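Per-entry structural report
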Protein chains: 2
Amino acid sequence: MPPNIYDIAKKAGVSIATVSRVFNNTNNVKESTRQKVLTIAEEMGYHPQAYAQRLASKKKNSIMMLVPVMSNYFFTEILKGTQGILKNQEIELNIVNINQDQGVLHQVEQIIKRRWADGYLLASLHLTEDELIKLRRYNVPISLLDDYSPNFDSVSFNNVEGGYLAVKYLLKKGFKQIVFIAGRADSLPIVHRIDGFKKALSEFEIPFHETQIVTGTSMERDGFNEKNGYEAMQKILNMNPVPDAVFCSSDVKAVGALKAMADRKKQVPLISYDNLSISEYIGLTTIHQPMYDMGYNATQNLISRINEENSEICNDIHSPELIIRSSSEI
Amino acid sequence: MPPNIYDIAKKAGVSIATVSRVFNNTNNVKESTRQKVLTIAEEMGYHPQAYAQRLASKKKNSIMMLVPVMSNYFFTEILKGTQGILKNQEIELNIVNINQDQGVLHQVEQIIKRRWADGYLLASLHLTEDELIKLRRYNVPISLLDDYSPNFDSVSFNNVEGGYLAVKYLLKKGFKQIVFIAGRADSLPIVHRIDGFKKALSEFEIPFHETQIVTGTSMERDGFNEKNGYEAMQKILNMNPVPDAVFCSSDVKAVGALKAMADRKKQVPLISYDNLSISEYIGLTTIHQPMYDMGYNATQNLISRINEENSEICNDIHSPELIIRSSSEI
DNA sequence: CTGAAAGCGCTTACAG
DNA sequence: CTGAAAGCGCTTACAG
């Protein structure tokens, strides 16, 4: 059995209260007893158990991040931002994966109900407003990332603007027949980017047809994978006539799309979305999303909310930026 | 204040023991009382608190993964493997980031001492054997991933073989002057790959010079970033004579190296390391590491160890596989 | 099928 | 500067 606070107290000849004080740096403990306790604890490999500590103190000093797809490049950038602000704070971060196929709301509720953390960062979960409102009864700080709600702090990205910017650029260059490589068409960011797409088209008085939305069949990670892009691009190259330009919903998919073009020895101008770290090196024209900043800000919002429950709700909306590289300049 | 077990018990007219039984599915509880309790709990948004539950039951049903660089592509693959085996098991996974600049052993000890989980997965932490042995006193299941120790379950990758395989392939094709793009030269996987590199050279009776080890200056993520590869390749292209071929320590760096070649309009055959999902699409010849399988196996080891403390130590060593694509065939 | 009660390992007023 | 004691919110033999 591992030692507990009683073992340490007994061996050090003090009460458990004193041992507790040593580990919590509360009150003043005489330096000599402090050292004695610390030495014995080190010897015996003791540290207060997290569970007992949190139950007794009702403080947690921890936040939890809930994400649907941990294994994508988008997430790793966000995480860096979160870690950026957490560094040097005495707050622990725990990350838990949410399975998108099994009732997202239910999973979130299970975690929140169990009172794991002081606050929760919901990243890219895209719950509906009705669902979000249900979470309010747990009365715990929640901050949204890559999502928007008038009822919670949020940091989101203007996807309508992103789609608009991308397509407008292509239209300005004189391309008329433009197709969009989507992922799951019911995902909110995709819906918004399509809205932006349409907005740009209508500004140039070009009609929109459903056939301009293309997707591959490979649906791993909601379709945000290379293969899906490859498949979609194959379809596009089979169209007659071949479209003038492509707007692709993610850089990862664009990697696949580029390969499909190379395989068929055809070149179609392409703009994609994300601006991952590899994108610069493979020459992707793309819409930059400040994922690091978004992770940073959302975490900051959450911490503020934990410390000051009743401050005003804060909705940050980050704007897109068009990064022009070679893939669109053909 | 959120409701606790007493609130539910009182409202349902039962004892707290019964409420507890309902939530734990232990014993038989009369169906009608079960329903009553569940309904009231749902109404009041109650679920047993994780901390209290774990303290009282001494069971955790959770494992914790400790990783140094969460934000790299290598990790995301491993994680998929871990999630693959955890799916359908009632085991929670928590992920915690270890800062490589602040005493890795100390951070690991702090977490283990606090008894967060039933077992710990140490991924790519590369503690020394002396350090690892210190962890034994906590008497808790530990499983190593991308690392080896005779004293712990481990899943590792044969990096010597990987380096050997890559360089031998280049030598067989007739290239004599080969350089290696390293990361931090003190990282164990890199050291081993260099050993394999040397082994292949000596088999072909080609002498080795330190100048054949090149690295960029950008050291984010231990040098495993695109920029480092770009910088390293620039140095290589400035050598006189330019080497015959390049062995690159990671696919991410190879992306940078490829860009450097394109920018200078020079082509040098290249083999890299990892086989990420993008690699197929950008035509990288590379050494495949079965990261998913490794994550899967290491997690499996850990779970077995948790269930059966005294089984024999199991050291899996995965073998590399050479995947030939276009980057080496110039 | 259910309840009373002890106990999990801590923290924290309170008192001195 | 330190100790005795209550309490955090649960689980689980034990008894019926």
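Look up: the structure comes first, before these words.
What comes next is a walk through the structure.

Our focus in this paragraph is the interface of chain B and chain A. With 52 residues of chain B at the contact, the number on the chain A side is 52 residues. Roughly 5,000 Å² is buried in total at the junction of chain B and chain A, and carbon and sulfur atoms are behind 56% of that figure. When residues of chain B are sorted by the area they lose upon contact with chain A, Tyr51, Arg114 and Tyr281 of chain B head the list and together hold 17% of the total. Our count for the contact surface shared by chain B and chain A stands at 20 residue pairs in polar contact (both at pLDDT 80 or more). Secondary-structure elements contributing two or more residues to the side of chain B that touches chain A are helix H3 (31-44), helix H4 (50-57), helix H5 (73-86), strand E2 (92-97), helix H6 (104-113), helix H10 (226-238) and helix H11 (251-264) of chain B.

With that settled, consider the sheet that holds strand E8 (residues 245-248) of chain B. Residues and elements named next belong to chain B. A sheet is described by the order of its strands in space; here six strands give the open sequence E7-E6-E8-E9-E10-E12, paired in mixed fashion. Looking along the sheet, the strands with just one partner apiece sit at the ends: strand E7 (213-214) and strand E12 (321-323). Pairing analysis gives three bridges linking strand E10 (residues 285-288) to E12, with the strands arranged antiparallel. Note on E12: the bridge partner recorded for Ile287 is Leu322. In this fold helix H9 (residues 188-203) packs onto strand E6 (178-181), E7, E8 and strand E9 (270-274), with an angle of close to 170 degrees to the strand it touches most, E6. Strands in contact with H10 are E6, E7 and E8; relative to E6, the strand with the most contacts, it is inclined by about 155 degrees.

Attention shifts here to the pairing of strand E3 (residues 119-123) of chain B. All names here are of chain B. Burial of E3 is extensive: five of the five residues sit out of reach of the surface. The two faces of E3 match: Gly119, Leu121 and Ala123 on one face and Tyr120 and Leu122 on the other face are all buried. Once you follow E3 into helix H7 (residues 129-135) and on to strand E4 (residues 142-145), the crossover reads as right-handed.

So, about the nonpolar core. Counting 130 residues, the largest nonpolar core has Met65, Met233 and Val246 of chain A together with Met65, Met233 and Val246 of chain B as the members making the most contacts within it. Once residues lying within four places of it in the same chain are set aside, the contact partners of Met65 of chain A are Phe75, Ile78, Leu79, Thr82, Leu93, Asn94, Ile95, Val96, Leu121 and Ala123 of chain A. Core analysis: the second largest hydrophobic core is formed by 48 residues, Ile98, Leu105 and Val140 of chain A together with Tyr120 of chain B among them.

The subject of this paragraph is the protein's contact with DNA strand C. In the vicinity of DNA strand C, 29 residues are found, and the nearest of them are Ile5 and Ser20 of chain A together with Thr18, Arg21 and Asn28 of chain B. Of what DNA strand C places within 4 Å of the protein, 67% of the atoms are sugar or phosphate. Here a phosphate oxygen of DNA strand C sits 2.7 Å away from a polar atom, N or O, in the main chain of Ile5 of chain A. Side-chain polar atom of Asn24 of chain A to a phosphate oxygen of DNA strand C: 2.8 Å apart, as the coordinates give it. Only helix H1 (5-12), helix H2 (16-24) and helix H4 (50-57) of chain A together with helix H2 (16-24) and H4 of chain B provide two or more residues apiece to the surface near DNA strand C. The greatest single-element share of the surface near DNA strand C, amounting to five residues, is contributed by H2 of chain A. Considered class by class, the residues forming the surface near DNA strand C number 13 nonpolar, eleven polar and five charged.

The subject of this paragraph is the pattern of salt bridges. Scanning the entire structure with this criterion turns up 22 salt bridges over all chains. With its nearest N and O atoms 4.0 Å apart, the salt bridge here joins Glu220 of chain A to Lys80 of chain B. Residue Glu220 of chain A is found in the loop between strand E7 (213-214) and helix H10 (226-238), and its partner Lys80 of chain B is found in helix H5; the two belong to separate chains. The exposure class of Lys80 of chain B is buried, given its relative accessible area of 16%. Here Glu92 of chain B and Arg54 of chain B are joined by a salt bridge, their closest N and O atoms 3.3 Å apart.

Time to look at the sheet that holds strand E6 (residues 178-181) of chain A. All names here are of chain A. Taken in spatial order, the six strands make up an open sheet running E7-E6-E8-E9-E10-E12, and their pairing is mixed. At either end of the open sheet lies a strand with only one pairing partner, and these are E7 and strand E12 (321-323). The strands that H10 touches are E6, E7 and strand E8 (245-248); relative to E6, the one it contacts most, it runs at about 155 degrees. Contacting E6, E8, strand E9 (270-274) and strand E10 (285-288), helix H11 (residues 251-264) crosses the sheet at an angle of about 155 degrees to E9.

What counts and what doesn't
Residues numbered from 1 in each chain as written. Chains lettered and ligands numbered in written order. Predicted model: local features only at pLDDT ≥ 70, side-chain atom pairs only at ≥ 80, totals over all residues. Heavy atoms only, no water. Contact = heavy atoms within 4.5 Å. Buried area = accessible area lost by both parts, 1.4 Å probe. Polar contact = N/O pair within 3.5 Å; in protein donor to acceptor, adjacent residues only side chain to side chain. Helix = DSSP H or I, 4+ residues; strand = E, 2+ residues; numbered from the N terminus. Pairing = 2+ DSSP bridges. Axes fitted to C-alpha atoms, helices over the stretch in contact; angles between N-to-C directions. Buried < 20%, exposed > 50% of the residue type's maximum accessible area, 1.4 Å probe, protein only. Right-handed = clockwise from strand over helix to strand, strands pointing away. Core = buried A, V, L, I, M, F, W, Y, C linked by side-chain atoms within 4.5 Å. Near = heavy atom within 4 Å. Nonpolar A, V, L, I, M, F, W, Y, C, P; charged D, E, K, R; others polar. Salt bridge = Lys/Arg side-chain N within 4 Å of Asp/Glu carboxyl O.

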